[in-house]
Every structure is written in C-alpha cells, then in structure tokens.
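Letter by letter, the chains look like this.
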Amino acid sequence: MGGIALEGVSKVFPGDVVAVDDVDLAVGDGEFMVLVGPSGCGKSTLLRMVAGLEGVSKGTIRIGDRDVTELAPRSRDIAMVFQNYALYPNMRVWDNLAFALKLRRTPKAAMRERVGDVAGVLGLTELIERKPGALSGGQRQRVAIGRAMVREPQAYLMDEPLSNLDAKLRVGMRAELARLHDRLGVTTIYVTHDQVEAMTLGDRVAVLRDGTVQQCETPEKLFEEPGNVFVAAFIGSPAMNLAMADVRDGRLHVAGIDVPLPDGVRHGGRVIAGIRPQDMRPDGPEDAPGAPRLRVELEVVERLGAESHVIFAVDAQKPAGEAAAAADEATEESDATLLAADNRARFTASIPGRRRFATGEVLDLIVPPEAVYLFDPETGATLR
Ligand code: ATP
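What counts as what
- Residues numbered from 1 in each chain as written.
- Predicted model: local features only at pLDDT ≥ 70, side-chain atom pairs only at ≥ 80, totals over all residues.
- Heavy atoms only, no water.
- Pairing = 2+ DSSP bridges.
- Helix = DSSP H or I, 4+ residues; strand = E, 2+ residues; numbered from the N terminus.
- Contact = heavy atoms within 4.5 Å.
- Axes fitted to C-alpha atoms, helices over the stretch in contact; angles between N-to-C directions.
- Near = heavy atom within 4 Å.
- Polar contact = N/O pair within 3.5 Å; in protein donor to acceptor, adjacent residues only side chain to side chain.
- Areas by Shrake-Rupley, 256 points an atom, 1.4 Å probe, with all protein chains shown as cover.
- Nonpolar A, V, L, I, M, F, W, Y, C, P; charged D, E, K, R; others polar.
- Buried < 20%, exposed > 50% of the residue type's maximum accessible area, 1.4 Å probe, protein only.
- Disulfide = S-S within 2.5 Å.
- Salt bridge = Lys/Arg side-chain N within 4 Å of Asp/Glu carboxyl O.
- Parallel < 35°, antiparallel > 145°, perpendicular 65-115°, else oblique.
- Left-handed = near helix turned anticlockwise from the far one by under 90°.
- Phe/Tyr/Trp six-rings, centres within 6.5 Å; stacked < 30°, edge-to-face > 60°.
- Lys NZ or Arg CZ within 6 Å of the ring centre and 35° of its normal.

### Some points on the sheet that holds strand 15 (residues 281–282)
Within a beta sheet, neighbouring strands are joined by backbone hydrogen bonds and run either parallel or antiparallel to one another. The strand order 15-19-16-17-18 describes an open sheet built from five strands, whose pairing is antiparallel. At either margin of the open sheet sits one strand with a lone partner, and together these are strand 15 and strand 18 (344–352). With five bridges connecting them, strand 16 (residues 293–303) and strand 19 (residues 362–366) associate as antiparallel partners. Following the sheet pairing, Glu 297 is matched in strand 19 by Val 362.

Below, the structure written as structure tokens:
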C-alpha cells in the first residue's frame, strides 16, 4: 500500500489550454482525497493523469514508492470507477465482478472467494445470477464499484461515480462508499463537482480553480478557515454572503452597521466582508442590547420544513474586482439576485425552526462579530 504524490504536475492541451497548472498534492496512505471545483477547473484531467489515461505535460506522479509518470494505465496498480461505467450486458453480475480476476488468470478458488466477499460487502449476493439489465441504477452502480474492488490495488480513482443516480440513491451510495472506505482503507482520489459529496466523503478536500489547487484541507477546516474568497464562496450551502465593506478606526463598517474587527485583523480600507447564512439569527430576548443588529426587509422566503431561507437586500455593494469574479465563479447566483432591481448585495439567512416568515416582513438579525470573514479585494486572500 502507499499514497499518491503529485509534484509540479501540469497539463497543456493543444491550443495552449492549460487544464492543470503546476499542481503539488500528496495523498496519504489510505487517505480519501476529494478533488472538487466548478466545471472546467481541471479535476477530471488531473485524475486521468494519475490513471495514466492522459499524458503529463510536466511534473511527476508517484503511486506508492514507484514513479508511474511514464507507465501505462494497466501497470499502475490502480482501479477506476467512472460516471459512465460500462457493465458487460450479457454477463451475470458474478462474471462482471470476476472479469478483472479472470484476465489476471487468478486461480478459481481464490477468485470465488474474492468475488463472494465483495458481493457480500456490497449487498449483491442475492443478485449474483442476474444480468445488468435486470438491476436498478443503484445496483448497477454497486456492481461497477465491485468490479474495481475485487482487485486489491494500491489506489482507487473515482470520477463522479454517483452522478448518474437520482438524489435519494446518491445519498445512500455516498454513505455506503464512506463505509467501504473505512473498512478497506485503500488510498482513494475522488472527483466531484458537488461540495456536499466532497465534504461528507473526504478525509481531505482539494478545492480546484483554473487548474490550480486553491486549498487542500479537512472539510471542517475548509468551512471554518477558507484561505480565500473562492473557497469561502464554494464551500457551504447556501453560499457565504459577501459584500464590500470598510475597515476604519479598528471597526468593520458594513451594510449600515459596524462591528469590532475579528481577532488578528490589521487591515485598513476597503475589504470584502463575508458571513455564512447560518451565522445570522433573528433578534431574541437573550441577546445583549448592544449586539450588532441588521434591520432587513425580506424579499424572498423559502420554507424548507425544518428551516427557512430568507433573502434580503443589504445596504452594501456587491463585491467587485478579481476577488469578486472568483466568488461569482464559485457560486451560482440565486434567482433572487438575478431578479434584483438594483446593485445592492443580496444576503441569505438560514434560520432553523418552523417560524413562518412573510415577504415584506422586517426583521432584526444579529450579526455575531466573530462570525464575520474578511478578504482582500485584490487577491481574494483571507485577512483573518
Ligand atoms: P467537468 O466537471 O465539467 O468535467 P473538470 O473540472 O473535470 O470539468 P476537465 O475536464 O479536467 O475539467 O477540463 C479542464 C479544462 O481542460 C477545460 O477547460 C477543458 O475544456 C479542457 N480540456 C479537457 N480535455 C481537453 C482536450 N482533450 N483537449 C483540449 N482541452 C481539453
């Protein structure tokens, strides 16, 4: 067993398309590493280079203690699962699972044992005589994963393996994958554009943009301490609220209120301020009279059952400049923002509980100063 190490890996496609730009990444032995980012950020290309399906323009790739940069895919000791898995339609589940072992001329008894094991782990024992046409989408996906698992490779490489499944199955399979990984402990690189999948599966998550790694951290750390405005906007749902703000006299002035600067910030002038939708809450009896309150009028109310998302305009400009472009790229603008009649920033607050809010209602929201993020408007880097 062993980890995977990428050093200075780049991929330039014909026409000078830089899909991957000088990436260093070390995946530990047995680690589950997720590559996540918006469409076109280069995550699939990076995975395909590790698999050997795509040549490397520059840099080296090591799997375990071997330099595999120039090796053919079949010599790399990896197993792959893709979004469009092709099962052999004329073969029973058993033969689909055994296929790779047959190719390797595995002795019959060992093959039977291994296929039996994998089928058991994946809950396929009952279905072992069926052909793929007689399976549900989720069951087929399990066979595809099983085909990779019958071998005991140094690493699994997975590219959006769940994206063909409907939402409910996806959640179930996600949990199953996590369980499998805990059990097998095989080094895994997993590509997805879905940040919830990334956060729930990854030991660590590498966030990519334009072929570069923006930050590679544990899910908790990415959420709590995003290194820049792109990661801040990409991780978390609904996305972090962002607006232009000013730092003056040791205080942050934003949207008509001012709050003490978070610890460790020594920046002056224009900044981008951010706050997560979950961190604002309606004024309550337990709140100190001096706590900063944002008075807002609700433009949109989305009731989700156990919580509500309320969307409102704040008296602040949307972020501008390069950092804002990064934030825009990281999030899909909500309809409320697209329909807005003016240039003020729109914020979302996610409020737990079943209280009913109405469009046009005026609310006082507490803004805890310690929950505010600050970013450099030029570079997008965190100022905290
Ligand atoms: P998606 O989630 O949409 O698949 P991705 O993050 O996986 O996106 P890649 O497929 O790795 O992105 O593509 C990264 C960039 O490289 C894109 O700009 C893409 O257009 C470009 N690209 C990918 N394959 C080729 C190719 N064979 N020739 C030229 N450009 C390519």
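### Some details on the pairing of strand 10 (residues 212–217)
Pairing geometry for strand 9 (residues 204–209) and strand 10, over five bridges, is antiparallel. Looking across to strand 10, one finds that Arg 209 is bridged to Thr 212. Where strand 9 hands over to strand 10, the hairpin turn is made up of two residues, of which Asp 210 adopts a positive phi near 45°.

### A few points about the sheet that holds strand 5 (residues 66–67)
Strands sit in the order 2-1-4-5 across an open sheet of four strands; the sheet is antiparallel. Where the open sheet ends on each side, the last strands, each with one partner, are strand 2 (17–27) and strand 5. Note that strand 1 (residues 4–13) and strand 2 share seven bridges and pair antiparallel. Counterpart to Leu 6 in the pairing with strand 2 is Leu 25. Lying on the sheet, helix 1 (residues 43–51) is in contact with strand 1, strand 2 and strand 4 (58–63); it crosses strand 1 at an angle near 115°.

### Concerning the site of the ligand
In the region of the ligand, the neighbouring residues are Phe 13, Val 17, Ala 19, Pro 38, Ser 39, Gly 40, Cys 41, Gly 42, Lys 43, Ser 44 and Thr 45. Between the ligand and Gly 42, the relevant distance is 3.0 Å, taken from an oxygen atom to a main-chain nitrogen or oxygen of the residue. Compared with its free state, where it exposes 640 Å², the ligand has 58% of that area covered by protein. Those elements giving two or more residues to the shell around the ligand turn out to be strand 2 and helix 1. Here the element with the most residues in the shell around the ligand is helix 1; it accounts for three residues. Partitioning the shell around the ligand into residue classes produces five nonpolar, five polar and one charged.

### As for the side chain of Ser 350
Structurally, Ser 350 can be placed in strand 18. Taking relative accessible area as the criterion, Ser 350 reaches 5% and is therefore assigned buried. Look past the residues within four positions of Ser 350 in its chain and what remains in contact with it is Pro 277, Gln 278, Met 280, Glu 307, Ser 308 and His 309.

### Let's talk about the environment of Asp 117
By secondary structure assignment, the location of Asp 117 is in helix 3 (residues 108–121). Here the alpha-carbon distance between Asp 117 and Thr 382, two residues 265 residues apart in the chain, equals 48 Å.

### A look at the environment of Val 205
Of note, Val 205 is situated in strand 9. Remark: the alpha-carbon pair of Val 205 and Ile 128, spanning 77 residues in sequence, is separated by 35 Å.

### Side note on the state of the cysteines
Enumeration over the complete set of coordinates arrives at zero disulfides. Residue Cys 216 stays outside any disulfide, its sulfur separated by 13 Å from that of Cys 41, the closest cysteine.

### Some words on the pattern of salt bridges
Inspection of the entire model under this criterion finds 16 salt bridges. Linking Lys 221 and Glu 225 is a salt bridge whose minimum nitrogen-to-oxygen distance equals 3.9 Å. Relative accessible area serves as the criterion here: at 35%, Lys 221 is assigned to the partly exposed category. The exposure class of Glu 225 is partly exposed, given its relative accessible area of 48%. In this structure, the salt-bridge partner of Glu 361 is Arg 355, at a minimum N-O distance of 3.4 Å. Overlapping salt bridges bring together Arg 92, Asp 95, Lys 102 and Glu 129 as one network.

### Brief notes about the packing of helix 2 (residues 93–103) against helix 4 (residues 137–149)
Where helix 2 meets helix 4, the closest approach of the two axes is 7 Å, and the angle between their N-to-C directions is 30°. Compared by their axis directions, helix 2 and helix 4 come out roughly parallel. Seen along the crossing, helix 2 lies across helix 4 with a hand that is right-handed. Across the interface between the two elements, Val 93, Asn 96 and Leu 97 of helix 2 pack against Val 143, Gly 146 and Arg 147 of helix 4. By residue class, the composition of the contact of helix 2 with helix 4 is three nonpolar, two polar and one charged.

### Here's the deal with the packing of aromatic side chains
Overall, the coordinates contain five aromatic pairs when judged by the stated rule. Centroid distance Phe 32 to Tyr 190: 5.6 Å. Interplanar angle 40°. Geometry classified as tilted. Separated by 158 residues along the polypeptide, Phe 32 in strand 3 (residues 32–36) and Tyr 190 in strand 8 (residues 187–192) bring together distant segments of the chain. Residue classification places Phe 32 among the buried positions, given a relative accessible area of 2%. Under the relative-accessibility criterion, Tyr 190 is labelled buried at 0%. Ring centres 6.0 Å apart and planes at 10° place the aromatic pair Phe 230 and Phe 234 in the stacked group. Of this pair, Phe 230 and Phe 234 are both found in helix 8 (residues 229–234), four residues apart, which corresponds to roughly one turn of the helix. Here the two residues Phe 230 and Phe 234 agree in accessibility, since each one is buried. Across the ring face of Phe 223, the terminal group of Arg 276 is positioned such that the distance to the ring centre comes to 3.9 Å.

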